[in-house]
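# Chains, contacts and geometry: an overview
For reference, the chains in residue letters:
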Amino acid sequence: HRKPIHQFDVKGAFLQSFLKCKIWLKPTPEIARLLNMTHDDCLLLKKTIYGLKQSARRWHEDLIIKMARCGFRQSLIDDCLFFKDTDLGKEVVVVHVDDCMHAGPPGTFDSFMKEFKYEVSLAAPLFYILGHTCTFARGMLKMTQTSDIEAMCRSFEISTTKGKRKPMEPKI
């Protein structure tokens, strides 16, 4: 009996974290006009934004703290893997940037989402994530990229070529 797997995307993940250093930003002329700023004025950033080198790192540091508050332990082998033992069984959360998967006994996903408290989109059973179509058969998770590969073949007009069993002829 497999554990339900859900996927979710954290909205604006790189906009959530406070900076640990001062960063001053020169606004574009359009933004300066909207904010009634002179051409010499600058903005002091309080939180990370997309494009800053430290945004991803700060987001991950905050995520680790949030997961610990939710009772999860970070894997010693993979920084993006979190575990939690409950009375119902083990919960697992896997994170790739801001795309996440949760596996656990029935009912634990809803409890986790209430504790997690970040705004998320696409909180749903796992069917498609990070370009992979996900299916379950005989107790196993199968991830394929067939639709992406077919789209690439169409865009490069190679969908009518004949396949080969070997990429090179033997005895070269």
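The structure under discussion appears in the preceding block.
The notes below deal with the structure included here.

### Some points on the sheet that holds strand S11 (residues 140-144)
- With antiparallel pairing, the three strands of this open sheet are ordered in space as S9-S10-S11. Pairing within the sheet leaves two strands with one partner each, and these edge strands are strand S9 (128-129) and S11.
- Inspection of the sheet shows strand S10 (residues 132-137) paired to S11 by five bridges, in the antiparallel sense. Pairing of Thr 133 across the sheet is with Thr 144, part of S11.

### As for the sheet that holds strand S6 (residues 89-96)
- Across the sheet, which stays open at both edges, the six strands sit in the order S4-S5-S6-S7-S1-S8 with antiparallel pairing between neighbours. Each edge of the open sheet is held by one strand with a lone partner, namely strand S4 (73-74) and strand S8 (120-125).
- Sheet topology note: the strand S1 (residues 5-10)/strand S7 (residues 99-103) ladder contains five bridges and is antiparallel. Note that in S7 the partner of Ile 5 across the bridge is Ala 103.
- Contacts from helix H2 (residues 55-69) reach S1, S4, strand S5 (81-86) and S6 within the one sheet, and its direction differs from that of S5 by about 5 degrees.
- Contacts from helix H3 (residues 108-116) reach S1, S5, S6, S7 and S8 within the one sheet, and its direction differs from that of S1 by about 20 degrees.

### Describing the nonpolar core
- Counting 18 residues, the largest nonpolar core has Phe 8, Val 10, Met 67, Phe 112 and Phe 116 as its most contacted members.
- Broken down by secondary-structure element, the contributors of at least two residues to this core are S1, H2, S6 and H3.
- In terms of residue count, the dominant contributor to this core is H3 (four residues).
- Once residues within four sequence positions are removed from consideration, Phe 8 is found in contact with Asp 98, Asp 99, Cys 100, His 102, Phe 109, Phe 112, Met 113, Phe 116, Val 120, Ser 121, Leu 122 and Ala 123.

### Brief notes about the packing of H2 against H3
- Between H2 and H3, whose axes approach to 10 Å, the crossing angle comes to 125 degrees. Classified by the angle their axes make, H2 and H3 are oblique. Crossing of H2 against H3: the hand is right-handed. In this structure, H2 contributes Leu 63, Lys 66, Met 67 and Arg 69 to the contact, and H3 contributes Phe 112, Glu 115 and Phe 116.

### Focus: the packing of aromatic side chains
- Using the criterion set out here, one finds eight aromatic pairs in the structure.
- The interplanar angle of 65 degrees and the centroid separation of 5.1 Å between the aromatic rings of Trp 59 and Tyr 118 together place this pair among those described as edge-to-face. Of this pair, Trp 59 sits in helix H2 while Tyr 118 is found in the loop between H3 and S8, placing the two residues 59 residues apart along the sequence.
- Judged by relative accessible area, Tyr 118 falls into the buried class, the value being 15%.
- An angle of 75 degrees between the planes, with centres 5.4 Å apart, marks the rings of Phe 72 and Phe 112 as edge-to-face. Of this pair, Phe 72 sits in the loop between H2 and S4 while Phe 112 sits in helix H3; the two residues are 40 residues apart in sequence, bridging distant segments of the chain.
- Take Phe 72: its relative accessible area is 5%, and that puts it in the buried class.
- According to the relative accessible area criterion, Phe 112 is buried, its value standing at 2%.
- Through a chain of ring-to-ring contacts, three or more aromatic side chains come together here, namely Phe 8, Trp 59, Phe 72, Phe 109, Phe 112, Phe 116 and Tyr 118.

Cut-off values and rules
Residues numbered from 1 in each chain as written. Predicted model: local features only at pLDDT ≥ 70, side-chain atom pairs only at ≥ 80, totals over all residues. Heavy atoms only, no water. Pairing = 2+ DSSP bridges. Helix = DSSP H or I, 4+ residues; strand = E, 2+ residues; numbered from the N terminus. Contact = heavy atoms within 4.5 Å. Axes fitted to C-alpha atoms, helices over the stretch in contact; angles between N-to-C directions. Core = buried A, V, L, I, M, F, W, Y, C linked by side-chain atoms within 4.5 Å. Buried < 20%, exposed > 50% of the residue type's maximum accessible area, 1.4 Å probe, protein only. Parallel < 35°, antiparallel > 145°, perpendicular 65-115°, else oblique. Left-handed = near helix turned anticlockwise from the far one by under 90°. Phe/Tyr/Trp six-rings, centres within 6.5 Å; stacked < 30°, edge-to-face > 60°.

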